[in-house]
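Remarks on the overall topology
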Amino acid sequence: MKKRENVGSNLISIELIFSILIILGIISIIMYVSVALKTDTKKINKAAEATIMLTSLLENINSRDYDNFTNYIENLSILGLTKSIENEKQYITVTGGSSEEKILGVNIPEGFDLQLIIEELNEEFDIIKKVDISITYMVDNKYEEVNMSTIIQKEMIGECNEPRFTSEYFSSLDIDVENSEIIPIKYSDDAKSFVVTTSADSEWYNYSAKDWARVLVFPKRTSINLKEIYVGKNGIVNSNDESIENYMYVWIPNFTVKNNQSYFRYGAGKNIIKMDFSYIDSKYLYFHKVGEEIGDISKECSFSGVYGVWRNVNTEDIYMNEFSNTKYGPINNH
């Protein structure tokens with residue numbers, strides 16, 4: 001009888017131990033999962049914080065023009081920042097929490113480190129850079145990193161504002177853009193005539209040579225096909241028919257005159273476009289850049305809020321007259 005009781009007691013003890021082991025196992029699993037979740041949550045939160053900083057840095061860089069960014073980096077100096085150059089790349093590192101000052105509009109807090117790698121992509125001239133941005137941080141004694149890249153380049157401004165084909169720019173001429181066919185044309189020495197071209201053609205216009213951008217504007221809703229009358233199947237324009245000038249328009253870019261000097265102006269503003277150059281290792285790179293602000297010729301010729309105006313070649317108005325009297329005129333009729 002006692003032997004049976006001992007056996008029963010031993011079974012109960014084994015079951016109790018087994019139950020305790022199961023409970024301890026479950027507790028261990030819960031603790032492991034809890035720690036893992038806590039680590040993952042911390043990792044996710046830090047990654048999100050780093051990504052927000054990275055995105056803000058990227059937006060700030062892309063909001064600056066090339067010269068502004070270059071000057072900013074050149075003069076950048078805050079606590080916790082180091083600069084170095086290796087293999088023709090500039091390295092900028094910022095230790096988080098070292099300073100309350102912001103870099104590119106962003107404060108780097110303690111626990112995060114920032115690195116910028118700036119690389120010149122043009123071997124001859126300072127006109128284009130690649131910027132690699134990375135932020136590192138530590139989670140559970142392991143370094144994690146998020147990174148992004150962007151390209152910034154010096155804006156290559158044209159000699160003048162390129163022609164616009166929107167209703168806004170033809171509205172003053174009562175031209176319905178949607179119901180008209182607008183055909184860019186240029187003069188061809190080979191054909192000895194104007195020929196059909198495209199707005200992407202680099203030879204479409206050359207204001208320095210007094211070749212203004214020209215287009216033919218044919219209304220679509222007419223009883224006759226005007227294009228067939230004035231433009232051959234070979235793309236050559238029937239320039240001998242003087243009536244074609246009723247449909248020929250020229251682009252007069254935003255410009256002004258001061259002290260008998262004529263200037264094109266940038267965009268719809270009053271800042272002139274100037275010629276500039278870079279000189280490196282006996283090589284010149286000529287380019288246009290935005291210069292100082294110069295006022296309008298007059299209230300009647302102001303280009304207020306527009307990049308330029310379209311005018312019929314037969315038109316005699318202040319824009320045509322003033323522009324014809326500049327160094328870019330009169331228009332070259334070949």
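Cut-offs used in this document
- Going along each chain's sequence as written, the residues are numbered from 1 onward.
- Local features in this predicted model are restricted to residues of pLDDT 70 or higher, and side-chain atom pairs are both shown and tallied only at a pLDDT of 80 or more, whereas totals for entire chains, interfaces and linings draw on every residue.
- Processing note: side-chain calculations cover all non-hydrogen atoms of the structure and skip hydrogens and water entirely.
- Helix and strand definitions here come from DSSP, where helices need a minimum of 4 consecutive H or I residues and strands a minimum of 2 consecutive E residues; each element is numbered from the N-terminal end.
- In what follows, residue pairs with any heavy atoms lying within 4.5 Å of each other are defined as contacts.
- Residue burial considers only the protein chains on display, and all accessible areas are found by Shrake-Rupley using a 1.4 Å probe.
- One number per residue, pLDDT, summarises how confident the predictor is, and it ranges from 0 to 100.
- In this scheme Phe, Tyr and Trp rings, the latter by its six-membered ring, pair at centre separations within 6.5 Å, and the angle between planes marks the pair as stacked below 30 degrees, edge-to-face above 60, and tilted otherwise.
- We call a charge positioned over a ring when the NZ of a Lys or the CZ of an Arg lies within 6 Å of the ring centre and within 35 degrees of the ring normal.
- Think of it in three bands: with a 1.4 Å probe and only protein chains considered, a residue is buried below 20% of the maximum accessible area for its type, exposed above 50%, and partly exposed in between.
- As used here, the arc belongs to the directions running from the helix axis to the C-beta atoms.
- Buried and open spaces are told apart on a 1 Å grid over the protein atoms alone, a cavity being a set of points where a 1.4 Å probe fits but cannot get out and a pocket being an open set with protein on both sides within 12 Å along at least five of seven lines. Residues with an atom within 4 Å of a point are the lining residues.
- Grid points are joined across faces, edges and corners, and a volume is the space filled by probe spheres set on the points.
- By the convention adopted, Pro, Cys, Tyr, Trp, Phe, Met, Ile, Leu, Val and Ala count as nonpolar, Lys, Arg, Asp and Glu as charged, and the other residues, Gly among them, as polar.
- The pairing criterion for strands is at least two bridges between them, as found by DSSP.
- When a carboxyl oxygen of Asp or Glu lies within 4 Å of a side-chain nitrogen of Lys or Arg, that pair is called a salt bridge.
- To get an axis, fit a line to the C-alpha atoms, keeping to the stretch in contact for a helix; angles then go from 0 to 180 degrees between the N-to-C directions.

Structural notes on the overall build of the protein chain
Each helix and strand in the protein chain was counted, giving five helices and 14 strands. Considering only contacts in the protein chain between residues 6 or more positions apart, those separated by 24 or more positions represent 58%. Summed over all atoms, the accessible surface of the protein chain reaches about 20800 Å², with 49% contributed by carbon and sulfur.

Observations regarding the confidence of the model for the protein chain
The predicted model of the protein chain averages 86 in pLDDT, with 85% of residues at 70 or higher. Least confident of the elements in the protein chain is helix 1 (residues 2-62), whose mean pLDDT is 71; most confident is strand 9 (residues 248-253), at 96.

As for the packing of aromatic side chains
Remark: the centre distance and the inter-plane angle together describe each pair of aromatic rings, the angle taken between the planes. Using the criterion set out here, one finds 21 aromatic pairs in the structure. Above the face of the Phe112 ring, Lys46 is positioned so that its terminal group lies 5.3 Å from the ring centre.

Observations regarding helix 2 (residues 66-75)
Every buried residue of helix 2 is accounted for by Tyr66, Phe69, Thr70 and Ile73. Take helix 2 and look down its axis: the buried residues cluster within an arc of 100 degrees, on one side only.

Concerning empty space enclosed by the protein
With the rule as written, the count across this model stands at one cavity of 30 Å³ or more. What lines the largest cavity is simply Ile78, Leu79, Val94, Thr95, Gly97, Ser98, Ser99, Glu101, Ile103, Asn107 and Ile108. A per-class count over the lining of the largest cavity returns five nonpolar, five polar and one charged.

Re the pairing of strand 14 (residues 308-312)
Along any regular strand, the residues point their side chains to alternate faces of the sheet. With respect to burial, strand 14 is a largely interior element, five of its five residues being buried. Side chains Gly308, Trp310 and Asn312 project from strand 14 onto one buried face, and the interleaved Val309 and Arg311 project onto a second face that is buried too. Bridge count for strand 9 against strand 14 is five bridges, and the pairing is antiparallel. The partner of Ile252 across the bridge, within strand 14, is Val309.

Some thoughts on the layout of surface pockets
Considered as a void within the structure, the largest pocket measures approximately 360 Å³ in volume. Along its surface, the largest pocket is lined by 21 residues, and Phe194, Arg214, Glu245, Met248 and Asn333 are the ones closest to its centre. For the lining of the largest pocket, the secondary-structure elements that each account for two or more residues are strand 7 (193-196) and helix 5 (318-324). In the lining of the largest pocket, the residues fall into eight nonpolar, eight polar and five charged.

Considerations on the pattern of salt bridges
Taken as a whole and judged by the stated rule, the model has nine salt bridges. In this structure, Asp317 and Arg311 form a salt bridge, with 2.4 Å as the shortest nitrogen-oxygen distance. Overall, Asp317 belongs to the buried group, its relative accessible area being 18%. Several salt bridges converge on common partners, so that one network encompasses Lys186, Asp201 and Glu203.

Structural notes on the sheet that holds strand 7
Hydrogen bonding along the main chain pairs the strands of a sheet, whether they run parallel or antiparallel. The strand order 7-6-8-9-14 describes an open sheet built from five strands, whose pairing is antiparallel. Each having just a single partner strand, strand 7 and strand 14 make up the two edges of the open sheet. Adjacent strand axes in the sheet meet at a mean angle of 40 degrees when their direction is disregarded. Across four bridges, strand 6 (residues 180-188) lies against strand 7 in antiparallel orientation. Across the sheet, the residue bridging to Ser188 is Ser193, located in strand 7.

Here's the deal with the sheet that holds strand 5 (residues 142-153)
Reading across from one edge, 1-2-3-4-5 is the order of the five strands in this open sheet, with antiparallel pairing throughout. Every interior strand has two partners, whereas the edge strands, strand 1 (81-86) and strand 5, have only one. Taken over all neighbouring pairs, the strand axes of this sheet differ in orientation by 15 degrees on average, direction set aside. Pairing between strand 3 (residues 112-120) and strand 4 (residues 128-139): nine bridges, direction antiparallel.

Comments concerning the environment of Glu178
Here Glu178 shows up in the loop between helix 3 (167-170) and strand 6. For Glu178, a relative accessible area of 67% puts it in the exposed group.

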